[in-house]
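Each chain, written out:
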Amino acid sequence: MPKAREIMTPDPVSVTEDTGVQEVADLLLETQHHGVPVVDEDNRLVGLVTDSDLVDSNKRIHLPTMITILDTLIPISGVKQYEEDLRKATATTAGDLCTRDVDYVTPEADLSEVATLLSEHHIHIVPVLDEDQKLLGVVTNTDIIRALSHRG
């Protein structure tokens, strides 16, 4: 079974935390990618901005459900989602918009491990990191399909 290092796109296009949201959107359109890694000055992964993040940053924000008890407002649902929606709606940079707790694989992960991660988490891109959390590449759904078509 092929390893992530064999099917990944090496040295992928990436952005820094200071990259503007508009520039990220333009980059995704230009490259036709579903996401772009956000890295620091040492090429360590900070997060990932996906096309879904960009779409979410423009959706309507729903206020959390609250109840009043003894003149105190108590949230009963939707607070975390509200905070996340508000964070994305007010984002001006990749650092503001990116998802920071990103699933990733090592270069030695096999194709089935990567495919499972992509499928079960409903994502289109997974970073490949070395032991120092430095970005080596990315694996996308397209990379998986390409590897399967070459197996013949």
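Only a predicted model underlies this, so the values are computations on that prediction, with no experimental measurement involved.

Chemist: Whenever I open this one, the overall build of the protein confuses me. Can you help?
Modeler: Looking only at helices and strands, the protein features seven helices and eight strands. Principal-axis analysis of the C-alpha atoms places the extent of the protein at approximately 65 × 30 × 30 Å. Here the analysis covers contacts within the protein between residues at least 6 apart in sequence; of these, 54% occur between residues at least 24 apart. As displayed, the protein has an accessible area near 9,400 Å², and 51% of this comes from carbon and sulfur atoms. In the protein, 12 side chains carry a positive charge and 28 a negative one; their mean positions are 4 Å apart.

Chemist: Honestly, the environment of Ala 94 in this entry has me stumped. Any pointers?
Modeler: Looking at the element boundaries, Ala 94 is found in helix 5 (residues 94–97). A residue is classified by how much of its surface remains accessible, and Ala 94, at 1% relative accessible area, is buried. C-alpha of Ala 94 to C-alpha of Glu 17: the two residues are 77 residues apart in sequence and 5.0 Å apart in space. Residues within four places of Ala 94 in sequence aside, it is in contact with Val 15, Thr 16, Glu 17, Thr 19, Val 24, Val 38 and Val 49.

Chemist: Teacher, can you tell me more about the confidence of the model for the protein here?
Modeler: Predicted coordinates in regions of low pLDDT should not be interpreted in detail. Mean pLDDT over the protein stands at 88; residues scoring 70 or higher make up 93%. Per-element mean pLDDT across the protein ranges from 70 in strand 6 (residues 72–77) up to 97 in strand 2 (residues 15–16).

Reading guide: rules and limits
Residues numbered from 1 in each chain as written. Predicted model: local features only at pLDDT ≥ 70, side-chain atom pairs only at ≥ 80, totals over all residues. Heavy atoms only, no water. Helix = DSSP H or I, 4+ residues; strand = E, 2+ residues; numbered from the N terminus. Contact = heavy atoms within 4.5 Å. Areas by Shrake-Rupley, 256 points an atom, 1.4 Å probe, with all protein chains shown as cover. Lys, Arg positive; Asp, Glu negative; His and termini not counted. Charge placed at Lys NZ, Arg CZ, Asp CG, Glu CD. Buried < 20%, exposed > 50% of the residue type's maximum accessible area, 1.4 Å probe, protein only. pLDDT = per-residue confidence, 0-100.

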